[in-house]
Amino acid sequence: MKIPFFNYPALYLDQKDRLDKAINDVMIRGAYILQKDLEEFEFNLAKYCNVNHAIGVANGTDAIWLSLIAAGIGKDDDVIVPSHTYVASPASIKFVGANPILVECGYDNMMDTSSIEDAITPKTKAIMPVQLNGRTCDMDSIISIAEKFELIIIEDSAQGLGSTFKGRMAGTFGVAGTYSFYPAKVLGCFGDGGAVVTNDDEIAEKIKLLRDHGRDSNGVFKTWGVNSRLDNLHAAILLEKLKTFDDDIKKRRSIAEIYHNEIVQGDFVVLPPGPKDDSNHFDTFQNFELRAKKRDELKSFLFENGIGTIIQWGGKAVHQEEYLGLTHFKLPYTDKFFEECLMLPMNTSISDDEALYISSKINEFYDK
Ligand SMILES: *Cc1c(COP(=O)(O)O)cnc(C)c1O
């Protein structure tokens, strides 16, 4: 068998007919920038997330950056964020002139909420939980810390769309939450795309201005802004894909279930929490990130057997990057985690047989 980590052509080919129809419809109308498809997608996304506003932007990184600006985070403010995240979260903090304060991840790969209080200083303004791998952080703890220290919450929920904690969707707990529609994300388009969701009317209005050169619907430039619009064509594609998004999640959860039922666990392999492990969490399995002893050998063994795997973020947490100036953060748990973490193929084009094959190869590697 040959199982790539991610099957990019399948993103289109698996749903070619209905996507062609949506794309053609936009092209024939010549509806490219800020058109009705975008408005409709924003409306449906907000409804899906049970939130007042969704605003499409150019990508998930801009979504974080513009949210920080709209929330008033700026020069010399401290923002607490886990080191186990994509560089986009701390980069967005940097680009508003603020300081990313990196903290540990915990047993479930998510921000370790017990490490947040120690990182708080008089300069701390915000906590940025990262809703990683299609799982939502323990938001009860994060909200109670935020309330105690009067901090705002901005969620990097690039990987979190569809996942919930106690029934509430990732991205909707703080003043603003962000999603990415990068092709390999749970809801992926055919290029870059992103969105901000919020219940705050003022933040929503600011993001709308910021993404379109500071211009309001009457063409008046109300503030300085940038061009970070979600293409109408991509909005039309996402609108179509949102219709069957719950089926996509179901499929991912069924693959996760196979991994959980089949892969023998022990101190040599620790899987992420399973789909039915904890009723507070509903996980979408954006990624299936496990910890494995002899990780690099396992990765090679799987590769030799036709199975593509990836170490998240190219193999390093943010504080381990040599040139980003954050190596003074000492995060021993995250360091250990990055010696062992590995992501198995996890997407809607994986068959049950392929998941069984992958599981059996892992068991074979550990002689189980
Ligand atoms: C993908 C991702 C981003 C960035 O999203 P883009 O759309 O690629 O800009 C930010 N944070 C996390 C955690 C991500 O996984």
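The structure this text deals with has already been given above.
Calculation notes
Position numbers for residues count from 1 along each chain, tracking the sequence in the order it is written. In keeping with the model being predicted, local features are shown solely for residues with a pLDDT of at least 70 and side-chain atom pairs are shown and tallied solely at 80 or more, while totals for entire chains, interfaces and linings include all residues. For the side-chain quantities, the full set of heavy atoms in the structure was used; hydrogens and water were omitted. Axis lines are fitted to C-alpha atoms, over the contacting stretch for helices. Their N-to-C directions set the angle, which ranges from 0 to 180 degrees. Every helix listed is a DSSP run of H or I at least four residues long, and every strand listed is a run of E at least two residues long, numbered separately from the N terminus. Every angle not falling under 35 degrees, over 145, or within 65 to 115 is termed oblique; those three ranges are roughly parallel, roughly antiparallel and roughly perpendicular. Whether a crossing is left-handed or right-handed is set by the direction in which the near helix is turned from the far one by less than a right angle, anticlockwise for left-handed and clockwise for right-handed. When checking whether two residues touch, look at their non-hydrogen atoms; a contact exists if any pair is within 4.5 Å. Throughout, the ten residues Ala, Val, Leu, Ile, Met, Phe, Trp, Tyr, Cys and Pro are labelled nonpolar, Asp, Glu, Lys and Arg are labelled charged, and all others, Gly among them, are labelled polar. Note that patches include only residues with greater than 30% relative accessible area and no salt bridge, and the join distances are 9 Å for like charges and 5 Å for nonpolar side chains (Val, Leu, Ile, Met, Phe, Trp, Tyr). The accessible surface values rely on the Shrake-Rupley method and a 1.4 Å probe; as for residues, cover is taken only from the protein chains in view. Any Lys or Arg side-chain nitrogen found within 4 Å of a carboxyl oxygen on Asp or Glu counts as a salt bridge. Just so you know, the count uses Lys and Arg for positive and Asp and Glu for negative, and it drops His and the chain ends. We put the charge of a Lys on NZ, of an Arg on CZ, of an Asp on CG and of a Glu on CD. Note on classification: 1.4 Å probe, protein chains only; a residue is buried when its accessible area is under 20% of the maximum for its type, exposed when over 50%, partly exposed between these limits. Nearness is defined per residue: one heavy atom within 4 Å of the molecule or strand is enough. Think of a polar contact as two N or O atoms within 3.5 Å of one another; within protein, one of them needs to be a possible hydrogen donor and the other a possible acceptor, and neighboring residues in sequence only count if both atoms come from side chains. The definitions used throughout rest on a 1 Å grid laid over the protein atoms alone, on which a cavity is an enclosed set of points accommodating a 1.4 Å probe that cannot get out and a pocket is an open set flanked by protein within 12 Å on both sides along at least five of seven lines; lining residues are those having an atom within 4 Å of a point. In this description, a molecule resides in a pocket or cavity if more than half of its atoms sit within 2 Å of the grid points defining it.

1. Remarks on the packing of helix α10 (residues 295-304) against helix α12 (residues 352-365)
At a closest axis distance of 10 Å, the pairing of α10 and α12 adopts a crossing angle of 130 degrees. With respect to α12, the axis of α10 lies oblique. Between α10 and α12 lies a crossing whose hand is right-handed. Along its contact with α10, which presents E297, L298, F301 and L302, the element α12 presents K361, I362, E364 and F365. When the residues that make up the contact of α10 with α12 are grouped by side-chain class, the tally is five nonpolar, no polar and three charged.

2. Considerations on a negative patch on the surface
Residues D200, D201, E202 and E205 make up a contiguous surface patch of negative charge. Structurally, D200 can be placed in the loop between β9 (194-198) and α7 (201-211). The exposure class assigned to D200 is partly exposed, which follows from its relative accessible area of 30%.

3. Concerning the site of the ligand
Taken together, 14 residues lie around the ligand, and G60, T61, D156, S180 and K185 are the ones closest in. Here an oxygen atom of the ligand sits 2.7 Å away from a polar atom, N or O, in the main chain of G60. In this structure, an oxygen atom belonging to the ligand sits 3.1 Å away from a side-chain N or O atom of K185. In the complex, the protein chains occlude 93% of the 380 Å² of accessible area that the ligand would expose alone. More than half of the atoms of the ligand fall within 2 Å of the grid points belonging to the largest pocket. Counted by class, the shell around the ligand contains five nonpolar, seven polar and two charged residues.

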